[in-house]
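For reference, the chains in residue letters:
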Amino acid sequence: MTQQPAPRLDIRGAIDLSSLARPATAAQPRPGAAGAPGTAAAEVPGLVVDSTEETFNDLIQQSLTVPVVVDLWATWCEPCKQLSPILERLAAEYAGRFILAKVDVDANPRLGQAFQAQSIPMVVALLKGQPVPLFTGARPEPQVRQYLDELLRVAAANGVTGRVDVSDPGAVTAEVGVPLPPLHQAAYDAIEREDYDAAIAAYQQALNEQPADADAKAGLAHVSLLSRVRAVPAGIQAGIRAAAAADPSALDAHLAVADLDLYGGHVQDAFDRIVELIRRTSGDDRAAARTRLLELFEVVGPADPRVSQARAALARALF
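Given the structure is predicted, the values throughout are model-derived calculations rather than measurements.

A. Focus on the state of the cysteines. This structure, assessed with the given rule, holds 1 disulfide. What pairs with Cys77 in a disulfide is Cys80, and their sulfur atoms sit 2.4 Å apart. The chirality of the disulfide connecting Cys77 with Cys80 is right-handed, given an S-S dihedral of about 85°. Assessed through its relative accessible area of 2%, Cys77 is described here as buried.

B. The arrangement of the packing of aromatic side chains in detail. Taken as a whole and assessed by the stated rule, the structure comprises 4 aromatic pairs. Residues Phe135 and Tyr147 carry aromatic rings whose centres are separated by 4.9 Å and whose planes lie at 40° to one another, so their mutual orientation is tilted. Linking Phe135 in strand 6 (residues 130-136) with Tyr147 in helix 4 (residues 141-157), this pair joins segments that are 12 residues apart in sequence. On the accessibility criterion, Phe135 (5% relative accessible area) is buried. Both rings, one in Phe271 and one in Phe297, keep their centres 5.1 Å apart while their planes meet at 90°; by these two values the pair is edge-to-face. Placement of Phe271 in helix 10 (residues 267-280) and of Phe297 in helix 11 (residues 283-300) is noted, with a sequence separation of 26 residues between them. Judged by relative accessible area, which is 0%, Phe271 ranks as buried.

Rules used throughout
Residues numbered from 1 in each chain as written. Predicted model: local features only at pLDDT ≥ 70, side-chain atom pairs only at ≥ 80, totals over all residues. Heavy atoms only, no water. Disulfide = S-S within 2.5 Å. Buried < 20%, exposed > 50% of the residue type's maximum accessible area, 1.4 Å probe, protein only. Phe/Tyr/Trp six-rings, centres within 6.5 Å; stacked < 30°, edge-to-face > 60°. Helix = DSSP H or I, 4+ residues; strand = E, 2+ residues; numbered from the N terminus.

The following block contains the structure:
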């Protein structure tokens with residue numbers, strides 16, 4: 001194995017795509033998009049495709065090799081008309097490093113429901129069949145580019161390094177990954193067998209040896225969150241939320257709810273909860289809340305604008 005887990009990839013439970021699984025069929029190219037329809041499920045018809053409920057499973061399969069960016073839109077949506085040309089232009093510019101899949105939510109309501117699209121435009125990614133929420137609403141091109149760069153970094157860390165051949169868009173080439181450092185590989189192997197304590201120990205040892213190891217720091221935050229969330233049975237989650245609602249200063253309950261929210265893809269809710277907790281507490285409780293918030297920043301990743309906004313809110317809460 002040569003893949004490494006990275007922030008934001010493991011958000012299982014945030015979106016359930018299992019109901020969409022079906023025998024793969026070729027997605028349809030958008031008019032004017034590069035390439036022609038593929039002749040097998042493993043092939044990619046172009047850099048920009050129109051996807052439907054019937055063809056979406058093909059994209060899930062393709063996401064094992066190359067990142068898939070999904071643009072959820074509708075014909076009546078004015079912000080969609082601003083965002084879609086940006087995404088299509090960047091798909092061409094990135095020259096096969098990701099596939100852009102266009103989904104009309106009016107024509108494909110099950111896809112909109114599967115991605116929990118409460119508003120559009122909404123952009124998500126698929127990596128190894130797992131959904132990775134990116135952003136909602138129209139964004140300026142520099143910010144969209146920032147999201148795509150972060151997605152590609154996460155994809156590479158997880159071994160999804162394929163590329164659509166722009167000279168033959170029906171073909172995908174796989175790139176050989178660079179072997180991980182031994183402690184990083186040990187951590188990844190431990191995560192695969194769900195031995196989170198061993199993974200935490202491996203990342204911590206990597207940081208002890210190289211305190212500036214950003215990948216180890218992010219990996220430690222990621223697996224620590226995973227360990228905490230998996231330790232909370234589904235049957236008691238409602239009780240934890242009730243305890244937090246009943247006591248605005250209940251440190252452990254609020255931190256647990258923030259973990260569950262972030263793991264479920266509700267990033268802003270998690271950040272807002274801990275910032276508010278920091279405002280209400282002092283001493284050791286405030287220090288513990290601040291430490292947890294910084295860990296969650298690592299999970300989400302520094303390129304996410306929500307992290308920058310939450311850092312500013314944290315500074316205001318502290319000073």
